[in-house]
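# Fold and geometry: a report
The chain contents come next:
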Amino acid sequence: MEHVEEDEAEVAIAIGRTMRGIAETVLQDEGQAERGVHAKSHGIVLGELRVHDGLPPSLAQGLFAKPATYPVVMRLSTIPGDLLDDRVSVPRGVALKVVGVEGERLPGSEGEVTQDFLMVDAPAFGQATPKDFLQGLKALAATTDKVPSLKQGLSTFLRGAEKTLEAMGLHSSLIKTLGGHPNTHILGETFYTQLPLLYGRHVAKLSLVPVSEHLLALKGLTLDYFEASGSPNPLRDAVIDHFQHHGGQWELRVQLCTSLSSMPIEDGSVTWSEADSPYVTVATLDAGLQNTWSNGRVAQVDLGMAFSPWQGLADHRPLGALNRVRRSAYPASAKFRAQANGEVLREPRGRQDLPA
């Protein structure tokens with residue numbers, strides 16, 4: 001199903017170098033190395049993922065082959081590699097690390113027992129190919145840690161432009177990436193893997209959908225109250241505030257590929273039709289009251305863990321060119337970050353390895 005381009009390895013190296021350049025710039029300016037993408041974290045949420053019983057054979061695959069309950073770490077983030085004021089409103093992401101997963105492993109993650117799923121709040125990737133992604137990444141690298149006040153003003157303008165487009169039934173992933181994402185509450189978003197992965201004997205995309213009452217109330221809610229405080233971190237403040245008073249429940253859903261022509265593997269920018277293949281719930285994720293930004297969590301998870309789509313089971317191997325170039329770029333970024341910060345990255349093996 002996959003088709004490797006002749007210069008794909010060179011593009012992957014260039015992507016890795018660009019991410020490294022972003023991290024080096026942030027290290028020089030901030031005194032601490034951050035991730036090359038999704039640098040700013042807005043909360044570390046601990047929960048439990050319960051795989052449902054009685055799934056049909058097509059859905060009872062890999063991690064979801066049998067009913068079980070696993071500890072989960074959720075890292076909420078936004079996509080740039082620099083630590084922007086949240087008034088520069090950009091797409092939101094979530095990285096899930098499911099702990100205690102047994103089975104045949106992907107290359108590079110042998111001996112571990114975690115499964116990572118990386119998601120963003122849009123059903124398709126912003127670019128079609130690794131070359132397109134590299135060009136966008138270079139543009140972000142050129143503006144890393146530069147003229148933050150100008151970025152805030154630009155974000156305000158771009159939010160208005162995106163709102164106008166959406167009123168016409170349109171949208172622009174580029175405008176959102178540059179700061180035009182609505183200033184909505186991150187806990188009200190639905191997240192998607194965007195890119196395909198193996199799903200046992202099938203191919204699929206995954207989504208994480210808020211379903212509990214207090215999360216649904218946040219859907220489309222703007223952060224005006226938290227922005228008015230003057231804090232540069234209204235997203236983080238909003239997550240902390242929510243989990244001081246409420247828990248949350250999400251459904252993890254699967255969309256199976258039913259046509260390689262209309263649901264391509266190699267073009268990451270194509271949204272797979274939910275009319276042809278709807279997302280179906282395979283597991284429920286629950287999180288209770290907690291402190292989502294304690295010193296212990298920041299040290300152990302935000303600084304001491306790495307997330308990668310290539311960390312997991314062979315049954316969930318990432319597919320397509322955009323995923324293939326991440327295979328080398330993400331570990332290289334994590335290695336640089338750990339060495340620069342004097343940290344040792346550790347994969348948890350059980351609940352005892354997670355923060356209290």
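Look up a bit, the structure's there.
Cut-offs used in this document
Residues numbered from 1 in each chain as written. Predicted model: local features only at pLDDT ≥ 70, side-chain atom pairs only at ≥ 80, totals over all residues. Heavy atoms only, no water. Helix = DSSP H or I, 4+ residues; strand = E, 2+ residues; numbered from the N terminus. Rg over C-alpha atoms; globule rule 2.2 N^0.38 Å. Buried < 20%, exposed > 50% of the residue type's maximum accessible area, 1.4 Å probe, protein only. Contact = heavy atoms within 4.5 Å. Phe/Tyr/Trp six-rings, centres within 6.5 Å; stacked < 30°, edge-to-face > 60°. Lys NZ or Arg CZ within 6 Å of the ring centre and 35° of its normal. Pairing = 2+ DSSP bridges. Salt bridge = Lys/Arg side-chain N within 4 Å of Asp/Glu carboxyl O. Axes fitted to C-alpha atoms, helices over the stretch in contact; angles between N-to-C directions. Parallel < 35°, antiparallel > 145°, perpendicular 65-115°, else oblique. Left-handed = near helix turned anticlockwise from the far one by under 90°. Polar contact = N/O pair within 3.5 Å; in protein donor to acceptor, adjacent residues only side chain to side chain. Expected span 1.5 Å × (residues − 1). Arc of directions from axis to C-beta.

## So, the overall build of the protein
When you go through the protein residue by residue, the secondary structure sums to nine helices and nine strands. A compact globule built from 356 residues should have a C-alpha radius of gyration of about 21 Å, and the protein, at 19 Å, falls within 12% of that. Each principal axis of the C-alpha distribution contributes one length, and for the protein these read about 55 × 50 × 50 Å. When burial is assessed residue by residue, the protein has 55% of its 356 residues classed as buried. Summarising the internal contacts of the protein: among those between residues at least 6 apart in sequence, 77% fall at separations of at least 24.

## Focus: the packing of aromatic side chains
This model, assessed by the stated rule, comprises five aromatic pairs. Between phenylalanine 64 and tyrosine 199, the aromatic rings sit 5.7 Å apart at their centres with planes inclined by 20 degrees, giving stacked as the arrangement. Linking phenylalanine 64 in the loop between β1 (41-51) and β2 (68-78) with tyrosine 199 in strand β6 (residues 197-199), this pair joins segments that are 135 residues apart in sequence. Each member of the pair, phenylalanine 64 together with tyrosine 199, is buried. Ring geometry for phenylalanine 125 against phenylalanine 133: centres 5.5 Å apart, planes inclined by 65 degrees, an arrangement best described as edge-to-face. Each member of the pair phenylalanine 125 and phenylalanine 133 is classed as buried. The ring of phenylalanine 307 is capped by lysine 97, whose NZ or CZ atom sits 4.6 Å from the centre of that ring. When the ring centre of tryptophan 293 is taken as reference, the NZ or CZ atom of arginine 236 above it lies at 3.9 Å.

## Overview of the pairing of β2
Among the eleven residues of β2, nine are classified as buried, and the element is accordingly described as predominantly covered. Note: β1 against β2, ten bridges, orientation antiparallel. Its bridge partner being in β2, leucine 46 is matched across the sheet by valine 73. As paired elements, β2 and strand β3 (residues 92-99) share seven bridges and run antiparallel to each other. If you follow serine 77 over to β3, its bridge partner there is glycine 93.

## Description of the pairing of β1
In terms of burial, β1 is largely enclosed, as nine of its eleven residues are buried. Bridge analysis of β1 against strand β9 (residues 280-287) gives four bridges, and the strand direction is antiparallel. When the sheet's bridge partners are listed, arginine 50 is paired in β9 with threonine 284.

## So, the pattern of salt bridges
Scanning the model with the defined rule gives 14 salt bridges in all. Between arginine 317 and glutamate 2 there is a salt bridge; the shortest N-O distance is 2.9 Å. In this pair, arginine 317 sits in the loop between α8 (295-303) and α9 (321-341) while glutamate 2 sits in the segment before α1 (8-30), placing the two residues 315 residues apart along the sequence. The exposure class assigned to glutamate 2 is partly exposed, which follows from its relative accessible area of 25%. A salt bridge links aspartate 116 to lysine 97; the nearest nitrogen and oxygen atoms lie 3.0 Å apart. Of this pair, aspartate 116 sits in strand β4 (residues 114-120) while lysine 97 is found in strand β3, placing the two residues 19 residues apart along the sequence. On the basis of relative accessibility, which here comes to 2%, the residue aspartate 116 falls in the buried class.

## Regarding the packing of α1 against helix α2 (residues 130-143)
One can describe the packing of α1 onto α2 by two numbers: an axis separation of 10 Å at closest approach and a directional angle of 20 degrees. Considered as vectors, α1 and α2 are oriented roughly parallel to each other. In the crossing of α1 with α2, the sense of the turn from one axis to the other is left-handed. The residues of α2 that touch α1, namely those facing Val11, Ala14, Ile15, Thr18, Met19 and Ile22, are Pro130, Lys131, Phe133, Leu134, Leu137, Lys138 and Ala141.

## Brief notes about the environment of serine 269
Of note, serine 269 is situated in the loop between β8 (248-256) and β9. For the pair serine 269 and proline 56, spaced 213 residues apart in sequence, the C-alpha separation works out to 29 Å. A polar atom in the side chain of serine 269 sits 2.6 Å from the side chain of aspartate 267.

## Things to note about α2
Between its terminal C-alpha atoms α2 stretches 20 Å, which fits the 20 Å expected from 14 residues at 1.5 Å a residue. Taken together, the buried positions of α2 are Pro130, Phe133, Leu134 and Leu137. Down the axis of α2, the buried set is contained in an arc of 100 degrees. They therefore lie on one face. Summarising the contacts, the buried residues of α2 are in contact with α1 and α9.

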